[in-house]
Amino acid sequence: MKPEISTLQTVAIVINTITPTALLSIPSVTIGFAANDAWISVLIAAVAGVIIAITIAAICKTNPGFLFIEWMENRFGRIVGMVVGLLLGVYYFNSFCMIVRQFANFIADMVLDETPIVMLIAVMVGVAAFSIAHGIEAVARSAALVMFMVILVIPVSVGLNFDDINLKKLLPFFDAGTSRIGLAAISPIGWLSEISILLILQPYMKNPKSVMKAGIIGSLGSAAQLLIVTVMAVSVFGSEVVRMMSYPLFNMVGIVEVGKFLERIEIYTVSVWGMTMYVKMSVFLFASVHCITYTFRLKSIRHTLFSISLLAIVTTIVTWTRNLELGRFVIVDSIPFLSMFNIILPLCIGFCLLVTRGNNSKKGAQSS
Amino acid sequence: MFKKQTAGNDKQAGDDQKQHVEQLLVPDLEQNMERLERFLGGGADIVCRTLTHRSFPNQRYALFYIDGIVDGTAIGTMLLGLLEDANSQATEETDSLYTHLMERSIAVGKIFPATAVEEVGYAMLEGSSVILVDGSLRAIIIDTTGGESRSVEEPTSQTVVRGPKEGFTENLRTNTALVRRIIKSPKLRVDYKIVGRETRTNIAVIYLQGIAQDDVVKEVHRRIEQIEIDAILESGYIEEFIQDKAFTPFPLIQNTERPDTACASILEGQVVIMVSGTPFVLITPVTFVKFFQSSEDYYQRYDISTFLRLIRMTSFFISMLLPSLYIAITTFHQEMLPTSLLISLAAQREGVPFPALVEAFLMEITFEILREAGVRMPRIIGPAISIVGALVLGQAAVQAGLVSAAMVIVVSFTAIASFVIPAVNMGIAARLIRFVLMILAGSFGLFGIMSGLMVLLAHLCGLRSFGKPYLLPFSPLIVSNLKDTFIRVPWWAMRKRPIGMSSHQVPNQNRIGGGKRPDPDQEGA
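Rules behind the numbers
Residues numbered from 1 in each chain as written. Chains lettered and ligands numbered in written order. Predicted model: local features only at pLDDT ≥ 70, side-chain atom pairs only at ≥ 80, totals over all residues. Heavy atoms only, no water. UniProt positions renumbered as here; feature names shortened; annotations may be inferred. Pairing = 2+ DSSP bridges. Helix = DSSP H or I, 4+ residues; strand = E, 2+ residues; numbered from the N terminus. Axes fitted to C-alpha atoms, helices over the stretch in contact; angles between N-to-C directions. Contact = heavy atoms within 4.5 Å. Salt bridge = Lys/Arg side-chain N within 4 Å of Asp/Glu carboxyl O. Buried < 20%, exposed > 50% of the residue type's maximum accessible area, 1.4 Å probe, protein only. Phe/Tyr/Trp six-rings, centres within 6.5 Å; stacked < 30°, edge-to-face > 60°. Lys NZ or Arg CZ within 6 Å of the ring centre and 35° of its normal.

- As annotated in an unreviewed UniProt entry, chain B carries the name Spore germination protein KA and is attributed to Paenibacillus cellulosilyticus.
- Note on chain B: under the UniProt heading Sequence similarities (unreviewed entry), the record states "Belongs to the GerABKA family."

- An unreviewed UniProt entry lists chain A under the name Spore germination protein KB, from Paenibacillus cellulosilyticus.
- Within the UniProt record for chain A, the comment given under Sequence similarities (unreviewed entry) is "Belongs to the amino acid-polyamine-organocation (APC) superfamily. Spore germination protein (SGP) (TC 2.A.3.9) family."
- Its UniProt record gives chain A a comment under Subcellular location (unreviewed entry), which states: "Membrane".

Okay, here's the thing in structure tokens:
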């Protein structure tokens, strides 16, 4: 039976794919560049994100219902299909390793500083692999449930921080200058471009035609979360302090104190965020396994999943020997990396689709 | 006993038939009697009574039954009738003794003919009586099923404050009658099956035609028919054979002792499976939230029902998570505790020689042993266990410094919380998961708990019960079904049957007519 994902679940996957890692780095990066105007950068990024989402969804809509790699092979031939599949497979694999390492570093930083990082990585990859073993449907359903949790947590966080929020810290507007605001927008655009996951998800949708709706809502939802966090970070701490923080999102909740008994509750926010992180890891691992399985026409998804998971554990441990390298990678190198696979590759595909459109309809006419 | 069923028997016993050709009855009574006795293997409880009729002096006939599994009163009445008839002259010319008996002399409602020795034998094993007639190729099977069985009593495992006090019994016929008495609809279907080579256990599949989904009903039949086993002693046997996934701690099929719960499920489009010999009937397909609902929720006011359901859900999480949270917080995240509480906890744990994980395991295992002892021990020595459990293990262990008082509180609270869940099998799931989460919490703190919960979430999302997603109204989200989950809206607001469970045919979707909300002003106008 072909798994089916509802539109709501697609939105949930998109949001949970974009935001978890973005929330970690965005406030520091954007505020680092644009100071108290960071929210304008995020708004610009949101507009760009929606445009990317529309483009990707438009490409998806031309898919007549094949799985992504099969579609590429049907349309452009076996070689191109293989190249695209392999590129994306490797991209999602690398991203997966990066996310796992980021999450592991975060957990090690925050709480488990004495636990060997190998154990953390093994647990994370294990959980992600377990989720995928239940099929993309299970991942989609858990994504939707996790999204509801996030929707519950956001107002609570804002409410608890209400006393500390000082919107005057956002003033004056356009203080940083257009070039810095523009520069600050690049990183969020990079993260928002991860919406290209729709290319792989769309064939699994119950109603593939609603991919446009899912893409736009998902991209807006993610941008809204980024915006809330950025605005809160600036208005609570002021732009100067945030630059020095590794995880402003959690520091914000960390300062909450209700009465004398409810304090240091960031661990709850971290837990919910961790759930979204798990969804993200599952989605990326799924995409990687999916691409590699279909590129090489492997028979057993389970075996592929197992071997890729093992490989991911090793890669994650040895690629970044020092945490500093990962930090640099996330902030600087990720931008060309993300834009290459999420923007340029889909654009190439879209372009090729446009060019070969005539041929294909002729072929279709002949064959029918 | 059941006409339909006996027809079904032959189909089921197909393997047996292949091995030896079905023995048909012959005109000779002696020979038939001998073959029937040989089939049943003799025995002191097989009763045979030969009679002669006044109008047919050359033909004898014999009444056979197995003592103890037949209804004594029915046999007495029937025998009296037969004797009276035997001594009276047949008024009209009847062509044969068989027809005469069949049509004029048996004082029991349900009789039917049979032609094979096996058929007769199996009918007797089910409690029917049989009349073999000399010179006839057919025997008369008389339904006299009965014998000693427990009467309808209050269910022991699912009690309510308000609501019917009837419970199912071990007798299948009584159980189907209890359902029939509640749902007096011609659409109620009761399909019988026989499973078990040796026990030949009767199974009834009950549903409302047009409201239950046809493919679900078909699937239930298919899965039951696929079972090949020598014996079915309880519905748990069936449950393990027909559930969708073998390896899961969560129950995928609900069971109940209460006829009202079974009927409510039937009315929502679920299928009920009854197994002879057990008061626990199975309900399928089922969703996760059903295990947190009690039939009483629908009998008392909706506000308190909603509150209680939320309490039950909280209890489920407490019984699953509390010990692991305690371990995680005291081992890894001490900063989360307010200072005064932290100091008091630290003071308590000062003399305890074990880490929190070991301490928790000690207490949890102790409690599990206590609980099992409570179930297994003879009722008379009950008080002993509570004294030993409460005083010796609880108080003395703390005083001896083996465990901290806080841990005793945590374990006791966990235990009490696990009894709140109305479905015992869901409570068991929480009980097992608790231990895994405790190990995770001991090794990775809250991160471990979170990872464990994520695994559970993915697992729950992947589960299905007869093809229906286990987390149904939540994921995939069906907004209109949320009215009857962890909350219960007033009856007049639940206008439709839950989507997804029942058939999609429009006329059956509506449960309540529109505008039934109580509104005295409008009525007056």
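## Overview of the sheet that holds strand S8 (residues 254-256) of chain B
Residue and element names in this part refer to chain B.
Reasoning step 1: If you trace the five strands from one edge of the open sheet to the other, you get S6-S7-S9-S10-S8, paired in antiparallel fashion. Each edge of the open sheet is held by one strand with a lone partner, namely strand S6 (188-195) and S8. Across this sheet, the average inter-strand angle for adjacent strands is 25 degrees, counted without regard to direction.
Reasoning step 2: Examined bridge by bridge, S8 and strand S10 (residues 281-284) share three bridges and lie antiparallel to one another. Note that in S10 the partner of asparagine 255 across the bridge is leucine 282.
Reasoning step 3: Relative to the sheet, helix H8 (residues 214-226) contacts S6, strand S7 (201-208), strand S9 (271-275) and S10, its axis offset from that of S7 by approximately 170 degrees.

## Focus on the pattern of salt bridges
Reasoning step 1: By the definition in use, this model includes 26 salt bridges over all chains.
Reasoning step 2: With a shortest N-O distance of 3.6 Å, arginine 141 of chain A and glutamate 137 of chain A are connected by a salt bridge. With a gap of four residues between them, arginine 141 of chain A and glutamate 137 of chain A both fall in helix H6 (residues 136-160), about one helical turn apart.
Reasoning step 3: We note a salt bridge from glutamate 170 of chain B to arginine 150 of chain B, for which the minimum N-O separation is 2.9 Å. With glutamate 170 of chain B in the loop between strand S5 (139-142) and helix H7 (172-182) and arginine 150 of chain B in the loop between S5 and H7, this pair connects stretches of sequence that are 20 residues apart.
Reasoning step 4: Looking at glutamate 170 of chain B, the relative accessible area reads 31%, which means it is partly exposed.

## Notes on the packing of aromatic side chains
All names here are of chain B.
Reasoning step 1: This structure, assessed with the given rule, holds 27 aromatic pairs over all chains.
Reasoning step 2: Arranged with centres 6.1 Å apart and planes meeting at 80 degrees, the rings of phenylalanine 250 and phenylalanine 288 form a pair that is edge-to-face. Separated by 38 residues along the polypeptide, phenylalanine 250 in the loop between helix H9 (235-242) and S8 and phenylalanine 288 in the loop between S10 and helix H11 (302-331) bring together distant segments of the chain.
Reasoning step 3: When its relative accessible area of 3% is taken as the criterion, phenylalanine 250 is described as buried.
Reasoning step 4: Given a relative accessible area of 7%, phenylalanine 288 falls into the buried group.
Reasoning step 5: Seen in terms of ring centroids, phenylalanine 288 and phenylalanine 316 are 5.9 Å apart; in terms of plane orientation they differ by 75 degrees. Their pairing is edge-to-face. Taken together, the residues span a long stretch of sequence, with phenylalanine 288 in the loop between S10 and H11 and phenylalanine 316 in helix H11 at a distance of 28 residues. Of the two residues examined, phenylalanine 288 and phenylalanine 316, each falls in the buried class.
Reasoning step 6: In this structure an aromatic cluster arises from ring pairing among Phe250, Phe288, Phe291, Phe292, Phe316, Phe317, Tyr470, Phe474 and Phe486.
Reasoning step 7: Lying over the aromatic face of tyrosine 122, arginine 200 brings its terminal NZ or CZ to 3.8 Å of the ring centre.
Reasoning step 8: Directly above the aromatic system of phenylalanine 466 lies the positively charged group of arginine 223, at a separation of 4.1 Å from the ring centroid.

## With respect to helix H10 (residues 259-267) of chain B
Residue and element names in this part refer to chain B.
Reasoning step 1: When you tally the buried positions in H10, you get seven out of nine residues, the bulk of the element.
Reasoning step 2: Residues of H10 that are buried make contact with H7, S6, S7, S8, S9 and S10.
Reasoning step 3: Two residues or fewer past H10, glycine 269 is found with a positive phi of approximately 100 degrees.

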